[in-house]
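# Survey of secondary and tertiary structure
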Amino acid sequence: MPRRPNREKEKTKKGFAKFAPQRKRTCRFCADKLLRLDYKSPQQVGLYISERGKILPRRFTGACSKHQRDITLAVKKARILAVVPFSATQTRF
Amino acid sequence: MREYETVYVLDPALTDADVSHSQDKVAELIGRHGGSIIRSQNLGKKTLAYRIKKQSKGYYVAIDYCGDNTTVSDIERMFKLDERVLRYLTTKLSEEIDIEARKQELVEEAERLAAAIAQKAAAHPRVEEVGESMEVKHA
């Protein structure tokens, strides 16, 4: 007899999502209109790259799609100017 | 007139006088093209994230100016020919600008930054005070 897909499991998963603490996340660049990411500052750009030098995804940066694009641009500019590395292996010299 | 920002990295073996000399040279070039400088700042000697021309440090200089595409291409050609320039990057900030208004804006921005830093400094002792009062409650 063919097994029916386990609908119960899905239900419980959805149930969990329902009761998980709901955290309202707002983009910090939307919250503060004057805030601008300076691609010349390693301290500022460093917040948006991983240990390996990759650009962090939106679920980590918490930015909206518009400002995530700005972050991406800033990181890429900073890489050209040697403010942040292109990759983690580059820094070992 | 468009507003551009050019950031370039200079050889760390230079002195501060050499850096300001190169800033003057760029300023002169911009002036010759009928543009004008909005802000020219020496960001100091910084460590590079990776080696460029076997150098691990460099002087960062950022220049905000207004000009047109010929200004940018001339500046970049000068950098290309100059052995002491390790890296440069020009970005367009806006299409049309009012120079005086932009200068004013930058001044306000600097003031805001200074105010924010002062606020942070003022907030810190207050945090300590709270900590002390909590200790008193415990005793």
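Whatever comes next refers back to the structure up there.
The notes below deal with the structure included here. Counting restarts for each chain, with residues numbered from 1 along the sequence as it is written. Starting at A for chains and at 1 for ligands, labels are handed out in the order in which the entities are written. Only residues with pLDDT of 70 or above have their local features reported here, since the model is predicted, and side-chain atom pairs are shown and tallied only from 80 upward, although totals for entire chains, interfaces and linings are computed over all residues.

## Structural notes on the overall build of chain A
Threshold: Working definition: helices are DSSP H or I runs of at least four residues, strands are E runs of at least two. Numbering for both runs from the N terminus. Three exposure classes are used, all based on how many other C-beta atoms lie within 10 Å of a residue's own C-beta (placed from the backbone): buried at 20 or more, exposed at 12 or fewer, and partly exposed between those limits.
Along chain A, the regular secondary structure elements total five helices and zero strands. When the helices and strands of chain A are placed in sequence order, the string is α-α-α-α-α. Per-residue burial for chain A yields a buried fraction of 15% across its 93 residues.

## Topic: the overall build of chain B
Applicable threshold: C-beta atoms are placed from the backbone for every residue, and two residues are taken to be in contact when these atoms lie within 7 Å.
The helix and strand tally for chain B stands at three helices and four strands. Reading chain B from its N end, one meets helices and strands in the order β-α-β-β-α-β-α. Split into buried and exposed, the 139 residues of chain B put 19% on the buried side. Counting only contacts in chain B whose residues sit at least 6 apart along the sequence, the fraction spanning at least 24 positions is 75%.

## Considerations on unusual backbone geometry
Residue and element names in this part refer to chain B. The phi torsion at Lys53 lies on the positive side, around 50°, for a residue other than glycine. One can find Lys53 in the loop between strand 2 (36-52) and strand 3 (55-67). Since 12 C-beta atoms lie within 10 Å of it, Lys53 is described here as exposed. One non-glycine residue, Lys54, lies in positive phi territory at about 65°. As for its placement among the helices and strands, Lys54 is situated in the loop between strand 2 and strand 3.

## Quick look at helix 1 (residues 16-32) of chain B
Residue and element names in this part refer to chain B. What counts here: The span expected for a helix works out to 1.5 Å for each residue beyond the first. Here the arc refers to the directions that run from the helix axis out to each C-beta atom.
Look at helix 1: 24 Å from first C-alpha to last across 17 residues, which is about the 24 Å you get at 1.5 Å a residue. The complete set of buried residues in helix 1 reads Val19, Ser22, Val26 and Ile30. Taken around the axis of helix 1, the buried residues stretch over an arc of 85°, which confines them to a single face. Set apart from the buried face of helix 1 by more than 90 degrees, the exposed residues are Ala17, His21, Asp24, Glu28 and Arg32. Those residues of helix 1 that are buried lie in contact with strand 1 (2-10), strand 2, strand 3 and helix 2 (69-81). Residue Gly34 follows helix 1 closely and has a positive phi angle near 85°.

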